[in-house]
Amino acid sequence: MQRVRGGLCRATGQRSEIDLPSIIACGGGQLARPRANYPLSNPALFARDRHHCLYCAHPFAANALTRDHVVPLSRGGRDRWENVVTACRRCNQHKGSRLLEEIGWELLALPYRPNNAEYLALINSRRILTDQMDFLATQFSANGRALI
Ligand SMILES: [Zn+2]
């Protein structure tokens, strides 16, 4: 809930106020179309993978994590959501430019491209209110990891 204040009434001298809920439903009208391609950034990637290395399963602080390309760039992999996972420095260095099957490793979870609601949650997780997160969570994709 947020209180919004308007101007002063000339006749009464009172200021108008209105309490707005953090989620407002709109009836009709045109809303901006969700973007189809959300920019890949390490903070968003680490949030998607909940700050866990997807190889050794340990949680790490952001400064100890890296972006690993499942199919390395040098092997034709691309820098896109579906080909990147969060990895600790040790695992990333050990894997190097090898494919998972070459070293007998498996991913703990499959990389995926977040949808609109998931991306908003990933990049704003510290500023999203509980009721806003509850609303966004209803729109998370089936392959998304729980963010709440
Ligand atoms: Zn690791």
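Heads up: the structure comes first, above all this text.
Rules of the game
- Residues numbered from 1 in each chain as written.
- Predicted model: local features only at pLDDT ≥ 70, side-chain atom pairs only at ≥ 80, totals over all residues.
- Helix = DSSP H or I, 4+ residues; strand = E, 2+ residues; numbered from the N terminus.
- Buried ≥ 20, exposed ≤ 12 C-beta atoms within 10 Å, placed from the backbone.
- Contact = placed C-beta atoms within 7 Å.
- Core = buried A, V, L, I, M, F, W, Y, C linked by C-beta atoms within 7 Å.
- Arc of directions from axis to C-beta.
- Pairing = 2+ DSSP bridges.

Draft legend 1. Spatial organisation of the overall build of the protein. From N to C terminus, the protein includes five helices and four strands. In the protein, the succession of α and β elements from N to C terminus is β-β-α-β-β-α-α-α-α. Counting only residues that meet the buried cut, the protein has 16% of its 148 residues in that class. Nonlocal contacts in the protein, meaning residues at least 24 apart in sequence, comprise 53% of its contacts between residues at least 6 apart.

Draft legend 2. Just the nonpolar core, in detail. Core analysis: the largest hydrophobic core is formed by 10 residues, namely Leu45, Cys53, Leu54, Tyr55, Leu65, Val84, Val85, Ala87, Cys88 and Cys91. Element by element, the count of residues in this core is highest for strand S4 (residues 84-88), at four residues. Once residues lying within four places of it in the same chain are set aside, the contact partners of Ala87 are Cys53, Leu54, Tyr55, Thr66, Asp68 and Asn92.

Draft legend 3. Main features of helix H4 (residues 116-124). Within the sequence span of H4, burial applies to Glu118, Tyr119 and Ala121. Considered in projection along H4, the buried side chains sweep an arc of 165 degrees and stay on one side of the axis.

Draft legend 4. Main features of the environment of Asn63. Relative to the elements of secondary structure, Asn63 occurs in the loop between helix H1 (42-48) and strand S3 (65-69). Through-space distance from the C-alpha of Asn63 to that of Cys88 is 9.4 Å; in sequence the pair is 25 residues apart.

Draft legend 5. Highlighting unusual backbone geometry. Within the chain, His51 stands out as a residue other than glycine whose phi angle is a positive 55 degrees. Within the fold, His51 resides in the loop between H1 and S3. Look at Ala57: it is not a glycine, yet its phi comes out positive at around 75 degrees.

Draft legend 6. Representation of the environment of Ile23 in the model. Take Ile23: it is sitting in the loop between strand S2 (15-20) and H1. Take Ile23: there are 11 C-beta atoms within 10 Å of it, and that puts it in the exposed class. Each C-alpha atom of the pair Ile23 and Phe135 lies 8.1 Å from the other, and the pair is 112 residues apart in sequence.

Draft legend 7. Layout of the environment of Ser125. Tracing the backbone shows Ser125 in the loop between H4 and helix H5 (130-137). Residue Ser125 is classed as partly exposed on the basis of its C-beta count, with 14 C-beta atoms lying within 10 Å. Residues Ser125 and Ala47, 78 residues apart in the sequence, show an inter-C-alpha distance of 8.5 Å.

Draft legend 8. Representation of the pairing of S2 within the structure. By the criterion of burial, S2 is predominantly exposed, with just zero of the six residues buried. Pairing of strand S1 (residues 2-8) with S2 involves five bridges; the strand directions are antiparallel. Bridge assignment links Val4 to a residue of S2, and that residue is Ile18. Counted between consecutive antiparallel strands, the loop separating S1 from S2 contains six residues, among which Gly13 sits at a positive phi close to 75 degrees.

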